[in-house]
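Report on the structure
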Amino acid sequence: MKVFLDFEASSLSDHSWPVEVAWVFQDGRSESHLIAPLPQWSDWDEESERIHGLSRELLREQGQSAQDVGTRMIEALDGHDLFASAPSWDGKWLSALLRGAGLDRHALRLRNTSEALEETAREELKHLLTGPHLEDETHRVVMTAGARPETPPAHRALPDAVAERERWLAVKAAARKRVAEGK
């Protein structure tokens with residue numbers, strides 16, 4: 001099953017760490033977790049805090065341990081196709097979380113959401129088109145139906161993961177509509 005995942009972080013530096021993670025399965029089931037800082041996670045950017053609204057104090061008080069969140073992620077997400085809008089950043093924070101929890105940092109792998117959009121459009125459209133026509137129409141559907149909304153991201157993990165799922169659903173619906181019109 002496809003799963004759309006997002007992290008919020010302490011900053012965008014090389015030493016940043018995850019402060020929140022959320023995921024949404026293609027069927028709409030979701031989870032969100034605040035992450036308590038580990039002692040070695042000292043990086044903090046006040047501008048990042050302003051953007052996501054999560055203070056270190058809040059994370060210390062309400063966050064779950066890296067061990068608990070990492071274990072839950074592996075339990076819930078192992079064997080599924082994981083997608084993120086910024087897999088290099090989200091992958092960095094996933095790795096930091098798993099390493100910090102003492103878990104295998106390669107236990108979960110992220111791919112770019114754009115791959116999910118393309119695969120889904122192509123899978124739907126292959127019932128109507130082949131070859132270069134299939135690729136052209138896949139690209140067109142993804143570019144139009146899968147365009148990011150003009151509103152800025154929420155910069156909270158769950159709403160941003162939900163937004164990625166909604167993009168995927170829009171592409172799937174547009175591709176199905178195109179097939180229905182073409183038959």
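Let me begin by describing the structure that accompanies this report.

Reading the values: the criteria
- Residues numbered from 1 in each chain as written.
- Predicted model: local features only at pLDDT ≥ 70, side-chain atom pairs only at ≥ 80, totals over all residues.
- Heavy atoms only, no water.
- Phe/Tyr/Trp six-rings, centres within 6.5 Å; stacked < 30°, edge-to-face > 60°.
- Helix = DSSP H or I, 4+ residues; strand = E, 2+ residues; numbered from the N terminus.
- Buried < 20%, exposed > 50% of the residue type's maximum accessible area, 1.4 Å probe, protein only.
- Lys NZ or Arg CZ within 6 Å of the ring centre and 35° of its normal.
- Expected span 1.5 Å × (residues − 1).
- Arc of directions from axis to C-beta.
- Contact = heavy atoms within 4.5 Å.
- Pairing = 2+ DSSP bridges.
- Axes fitted to C-alpha atoms, helices over the stretch in contact; angles between N-to-C directions.
- Salt bridge = Lys/Arg side-chain N within 4 Å of Asp/Glu carboxyl O.
- Lys, Arg positive; Asp, Glu negative; His and termini not counted.
- Polar contact = N/O pair within 3.5 Å; in protein donor to acceptor, adjacent residues only side chain to side chain.

A few points about the packing of aromatic side chains
When we look at a pair of aromatic rings, we describe it by the centre distance and by the angle of the planes. Enumeration over the complete set of coordinates arrives at five aromatic pairs. With a centroid separation of 5.3 Å and an interplanar angle of 20°, the aromatic rings of Trp17 and Trp41 are classed as stacked. With a gap of 24 residues between them, Trp17 in the loop between β1 (2-9) and β2 (18-25) and Trp41 in the loop between β3 (30-34) and α1 (46-52) connect regions that are remote in the sequence. Of the residues examined, Trp17 reaches a relative accessible area of 0% and is grouped as buried. Measuring from centroid to centroid gives 5.7 Å for Trp17 and Trp44, while their planes differ by 40°, and the two rings are tilted. Of this pair, Trp17 sits in the loop between β1 and β2 while Trp44 is found in the loop between β3 and α1, placing the two residues 27 residues apart along the sequence. The structure contains a cluster of three or more aromatic residues connected by ring pairs, namely Phe4, Phe83 and Trp168. Lying over the aromatic face of Phe25, Arg29 brings its terminal NZ or CZ to 4.1 Å of the ring centre.

Here's the deal with helix α3 (residues 66-77)
The periodicity of an α-helix, 3.6 residues per turn, causes residues three or four positions apart to be oriented the same way. End to end, α3 covers 16 Å across 12 residues, agreeing with the expected 16 Å (1.5 Å per residue, within 8%). Where α3 is concerned, the buried positions are Ala66, Val69, Gly70, Met73, Ala76 and Leu77. One side of α3 carries all its buried residues, which in axial view fall inside an arc of 140°. Turning to α3, the residues buried within the fold contact β1, β2, β3, β4 (81-84) and α4 (87-100). Directly after α3, the chain includes Gly79, whose backbone phi takes a positive value near 90°.

With respect to the sheet that holds β3
Judged by pairing direction, the sheet is mixed, and its five strands sit side by side in the order β3-β2-β1-β4-β5 without closing on themselves. Strands at the two margins of the open sheet, each flanked by one partner only, are β3 and β5 (110-112). Pairs of neighbouring strands in the sheet enclose a mean axial angle of 30°, with direction left out of account. The pairing of β4 with β5 spans three bridges and is classified as parallel. The partner of Ala84 across the bridge, within β5, is Asn112. Relative to β2, helix α7 (residues 157-182) is tilted by about 30°, and along the sheet it contacts β1, β2 and β3.

A closer look at the pattern of salt bridges
One pass over the full model with this rule turns up 15 salt bridges. Residues Arg156 and Glu20 are paired through a salt bridge, measuring 2.8 Å at the closest nitrogen-oxygen approach. Of this pair, Arg156 sits in the loop between α6 (131-145) and α7 while Glu20 is found in strand β2, placing the two residues 136 residues apart along the sequence. Relative accessible area serves as the criterion here: at 30%, Arg156 is assigned to the partly exposed category. One salt bridge connects Glu47 with Arg50, and the closest N-O pair in it is separated by 2.5 Å.

Some thoughts on the side chain of Asp90
Looking at where Asp90 falls in the secondary structure, it is placed in helix α4. One buried charged residue, Asp90, forms no salt bridge at all, with the nearest opposite charge on Arg148 at 8.8 Å. There is a polar contact of 3.1 Å between the side chain of Asp90 and the backbone nitrogen of Phe7. Residue contacts for Asp90: discarding those within four places in its chain leaves Asp6, Phe7, Ala84, Ser85 and Leu110.

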